[in-house]
Amino acid sequence: MLAAVDHVQLAAPAGSEDALRAYYVDVLGMTEIPKPAVLAARGGCWFGAGAVQLHLGIEANFRPAKKAHPGLRVTGIEAYAARLKSLGVSVTWDHDLPGHRRFYSEDPVGNRLEFLEPDV
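Residues numbered from 1 in each chain as written. Predicted model: local features only at pLDDT ≥ 70, side-chain atom pairs only at ≥ 80, totals over all residues. Heavy atoms only, no water.

**Student:** When you look at helix H3 (residues 77-86) in this model, what are you seeing that I'm missing?
**Tutor:** Because an α-helix completes one turn every 3.6 residues, residues spaced three or four positions apart along the sequence face the same direction. Taken as a whole, H3 has its buried residues at Ile77, Tyr80, Ala81 and Leu84. Buried positions in H3, seen along its axis, are confined to an arc of 100 degrees and lie on one side of it. Of the exposed residues in H3, those oriented more than 90 degrees away from the buried face are Ala79 and Ser86. Elements that come into contact with the buried residues of H3 comprise helix H1 (17-27), strand S6 (92-94), strand S7 (100-106) and strand S8 (112-118). Of the residues one or two after H3, glycine 88 is the one with positive phi, at around 85 degrees. (Buried < 20%, exposed > 50% of the residue type's maximum accessible area, 1.4 Å probe, protein only. Helix = DSSP H or I, 4+ residues; strand = E, 2+ residues; numbered from the N terminus. Arc of directions from axis to C-beta. Contact = heavy atoms within 4.5 Å.)

In C-alpha cells:
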C-alpha cells in the first residue's frame, strides 16, 4: 500500500553540482542532504525542505525535462516568486489550474519546476 512520495529524482549533467547547490540551497532555500558514500561516488546532489526531497542524479547525454516536473507546494507564493525574480530566476505564471495560484521556472540545468499554492 502506498503511503507517500519519498522523493522525486531529476537528471543533471556531469559537473553541475555546484550550480545545483547554489540554486536549490541559496535560491530555493532547501538544505543539502548528504548522500551515502556509495551513491555520492556517482555524483549528483540531494536536497530537502520539510517533507520534500529532490534528488538530482547525473545522467550521461543529459537533456532537461521540459514537460515532466515536480509540483512543489509553497506558502506565500507571491513573495516566493518575487524572491526568485530578485535573484534572477525566471517566473512564468499560469492561471489554468482552478483553485490554485502557480508558476513555472527552471533550475540551472533547464529542468522544469512547478510551484503552486491552493487558493484560500
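**Student:** Help me understand the side chain of glutamate 114 in this model?
**Tutor:** With respect to the helices and strands, the residue glutamate 114 is situated in strand S8. Side chain to side chain, glutamate 114 and arginine 102 meet in a polar contact 3.2 Å long. Apart from residues no more than four positions distant in its own chain, glutamate 114 is found in contact with His69, Pro70, Gly71, Leu72, Arg102, Phe103 and Tyr104. (Polar contact = N/O pair within 3.5 Å; in protein donor to acceptor, adjacent residues only side chain to side chain.)

**Student:** Explain the packing of aromatic side chains here, please?
**Tutor:** The description of two aromatic rings rests on the distance between their centres and on the angle between their planes. This model, assessed by the stated rule, comprises five aromatic pairs. On the basis of an interplanar angle of 50 degrees and a centroid distance of 5.7 Å, the ring pair of tyrosine 80 and phenylalanine 115 is categorised as tilted. With tyrosine 80 in helix H3 and phenylalanine 115 in strand S8, this residue pair connects regions lying 35 residues apart in the sequence. On the basis of relative accessible area, tyrosine 80 is assigned to the buried category, the value being 16%. On the accessibility criterion, phenylalanine 115 (1% relative accessible area) is buried. Connected via pairs of aromatic rings, a cluster forms that spans Tyr80, Trp93, Phe103 and Phe115. A cation over an aromatic ring shows up here: arginine 112 above the ring of tyrosine 104, its NZ or CZ 3.8 Å from the ring centre. (Phe/Tyr/Trp six-rings, centres within 6.5 Å; stacked < 30°, edge-to-face > 60°. Lys NZ or Arg CZ within 6 Å of the ring centre and 35° of its normal.)

**Student:** For this particular structure, what's the right way to read the pairing of S8?
**Tutor:** The side chains of a regular strand alternate, residue by residue, between the two faces of the sheet. Taken across its seven residues, S8 has six buried, putting it largely inside the fold. When strand S5 (residues 71-73) meets S8, the two strands line up parallel, connected through three bridges. By the bridge assignment for S8, arginine 73 is matched with leucine 116. By the bridge criterion, seven bridges tie S7 to S8 in an arrangement that is antiparallel. Paired with phenylalanine 103 across the bridge in S8 is phenylalanine 115. Hairpin connection between S7 and S8: a loop of five residues separates the two successive antiparallel strands, and glycine 110 in this loop has a positive phi of roughly 95 degrees. (Pairing = 2+ DSSP bridges.)

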